[in-house]
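Analysis of the macromolecular model
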Amino acid sequence: MMDQTSSLPVNAAIRAEPKQAETENLDLFTRTQQTIHTALQYLGCDEGMYELLKAPLRVLTVRIPVKMDDGSVKVFTGYRAQHNDAVGPTKGGVRFHPDVTEDEVKALSMWMSIKCGLTNLPYGGGKGGIQCDPRSMSFRELERLSRGYVRAISQLVGPTKDIPAPDVFTNSQVMAWMMDEYSRIREFDSPGFITGKPLVLGGSQGRESSTALGVTIVLKEAAKLAGIPVEGSRVIIQGFGNAGSFLAKFLHDAGAKVVGIADAVGALYNEDGLDIDHLLDRRDSFGTVTNLFPNRITNAELLTMPCDILVPAAIENQITEANAGQIEARIVVEAANGPTTAKATDMLTDRGIMLVPDVLASAGGVVVSYFEWVQNNQGYYWSEEEVNRKLTDLLTASFHQVYQTAQTKRVNMRLSAYIVGLRRMTEAVKWRGWV
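Another aspect to go through is the overall build of the protein. A tally of regular secondary structure across the protein gives 15 helices and twelve strands. Over its C-alpha trace the protein gives a radius of gyration of 21 Å, about what one expects of a compact globule, namely 22 Å for 435 residues. In terms of overall dimensions, the protein has C-alpha extents of about 60 × 60 × 45 Å along its principal axes. Looking at the 435 residues of the protein, the share that counts as buried comes to 59%. Taking the contacts inside the protein whose residues are at least 6 apart along the sequence as the reference set, 70% of them involve residues at least 24 apart. The protein carries 44 positive and 50 negative side-chain charges, and their two centres are separated by 4 Å.

In structure tokens, the structure reads:
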């Protein structure tokens, strides 16, 4: 009988999706639809199920007027997508970013459904976003925008409907403003409306670092299967925001050698390892630190530098057909949303590189958000040790379920994650008689 380590390359010839046309598809929404379609075929579902799950049940577009500090009024566009609530209320973050689009929010809500299914949470997927650049806005302008967004979507969200959370360029302060505004509208304190709150307002211990801890948990499991000791391993982390910075600290403390990090300005690489504590001490509130160093390289260059484990923790479409053949890592763990294209996934898999998909690797945030929601509902709060123990147990089990499904069905880890993640939702849809 073949052991787990020696069986890893078996998947090299299996593809999550059919080979695409000459032009590589970089669109997150259509790529997500294609993978969902393939996964539903493996689950034995008919086209009716795909027609239901290929897009969110509800997508709300809102216009938010905000009085700026100079007295002018600027109108921002925001979105909230709710993919499917057959299992339970929808759940997902709100991002503030100038490049937010409706299709991106729709795709991310579908990924949240997969994450919740993978980890057996009683949720469907949701996602929100506002087209803005928070880096150019004042504290008070951000508060007015946050409150305006809640007023615009308040009829569709709530503790039993749709529970928001932090995402790109949002944090516990934004969540506090949003919770306060929702509580004012509903005229009662509503901590269960939103997660990622400050502890004093009903937040959970361990929530801020939960995404990075989740990545660390699955990374360690993948490294065991590949026969790579984490202690002494060479790790590159592209992205130094909330997830990337915590991840760098966790791995550095575990004895790994973090040889590369990157932010929006550029990247740093040192084959002898970087001084992570020094970099963390000097980063700004948006995760930028490389601007302080003249010897930085580009993000693109960093991705192809030698390492054992590569963690894309920044933005989508970073590993593509153009650079997948140059990746030198033995394991790629996707901490960002959609960092690897479909063709690049095929190319990495063909080369025997284990790719841990985003919907699994970055699920720690929604798991601890679920824990926060549970604690809000029962009015009893857990220690950080208890939260982290529950998260470790749940994600370890989810990782091995995805890995074993990949082995059994002879598919790669991305498609396996979708198969596992959609199974519960399809059962709920059938029991409700929707399809």
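Closest axis-to-axis distance for the helix α13 (residues 364–378)/helix α14 (residues 384–409) pair is 10 Å, and the angle between their directions is 130°. One element, α13, and the other, α14, form an angle in the oblique class. Of the two elements, α13 crosses α14, and the hand of that crossing is right-handed. Touching G364, V367, V368 and F371 of α13 are V387, K390, L391, L394 and L395, all from α14. Along the lines of polarity and charge, the residues of the contact of α13 with α14 split into seven nonpolar, one polar and one charged.

The phi angle at N120 is positive, at roughly 65°, despite the residue not being glycine. Among the secondary structure elements, N120 is positioned in the loop between α4 (102–118) and β5 (124–131). Classification of N120 by relative accessible area gives exposed; the value is 54%. Of note in this structure, E187 is not a glycine but carries a positive phi near 65°. Looking at the secondary structure, you find E187 in the loop between α6 (172–186) and α7 (210–226). Residue class for E187 comes out exposed when judged on its relative accessible area of 72%.

Contact geometry for α4 and helix α15 (residues 413–432): axes closest at 7 Å, N-to-C directions at 85°. Relative to α15, α4 is oriented roughly perpendicular. Mapping the contact onto sequence places W111, S113, I114, G117 and L118 in α4 and A417, Y418, V420, G421, L422 and M425 in α15. For the contact of α4 with α15, the class distribution of residues is eight nonpolar, three polar and no charged.

Let's shift gears to the sheet that holds strand β9 (residues 267–269). Strand order in the open sheet formed by six strands is β9-β8-β7-β10-β11-β12, and the pairing between neighbours is mixed. Two strands lie at the open edges of the sheet, namely β9 and β12 (354–356), each paired on one side alone. Pairs of neighbouring strands in the sheet enclose a mean axial angle of 15°, with direction left out of account. Pairing of strand β11 (residues 331–333) with β12, which is carried by three bridges, proceeds in the parallel orientation. Each residue of the ladder has a partner; that of V333, found in β12, is V356.

With 68 residues, the main nonpolar core has I237, I261, L279, V311, I331, V333 and F399 as its most contacted residues. For L279, the contacting residues outside a window of four places in its chain are F240, I261, L268, L274, V289 and F293. Membership of the second largest hydrophobic core comes to 24 residues, among which are M68, F76, C132 and I194.

Moving on to the side chain of T119. Its place among the elements puts T119 in the loop between α4 and β5. Within the local environment of T119, its side chain forms a polar contact with the backbone oxygen of K115, the two atoms lying 2.7 Å apart. With residues near it in sequence (within four places) discarded, T119 still touches A363, V367, L394, L395 and S398.

Of the two faces of strand β10 (residues 309–312), the one holding I309 and V311 and the one holding L310 and P312 are both buried throughout. Relative to β10, strand β7 (residues 234–238) runs parallel, the two sharing four bridges. Within the sheet, the bridge partner assigned to I237 lies in β10 and is V311. Bridge count between β10 and β11: two bridges; the pairing is parallel. Opposite I309, over in β11, you have I331 as the bridge partner.

Basis of the calculations
Residues numbered from 1 in each chain as written. Predicted model: local features only at pLDDT ≥ 70, side-chain atom pairs only at ≥ 80, totals over all residues. Heavy atoms only, no water. Helix = DSSP H or I, 4+ residues; strand = E, 2+ residues; numbered from the N terminus. Rg over C-alpha atoms; globule rule 2.2 N^0.38 Å. Buried < 20%, exposed > 50% of the residue type's maximum accessible area, 1.4 Å probe, protein only. Contact = heavy atoms within 4.5 Å. Lys, Arg positive; Asp, Glu negative; His and termini not counted. Charge placed at Lys NZ, Arg CZ, Asp CG, Glu CD. Axes fitted to C-alpha atoms, helices over the stretch in contact; angles between N-to-C directions. Parallel < 35°, antiparallel > 145°, perpendicular 65-115°, else oblique. Left-handed = near helix turned anticlockwise from the far one by under 90°. Nonpolar A, V, L, I, M, F, W, Y, C, P; charged D, E, K, R; others polar. Pairing = 2+ DSSP bridges. Core = buried A, V, L, I, M, F, W, Y, C linked by side-chain atoms within 4.5 Å. Polar contact = N/O pair within 3.5 Å; in protein donor to acceptor, adjacent residues only side chain to side chain.

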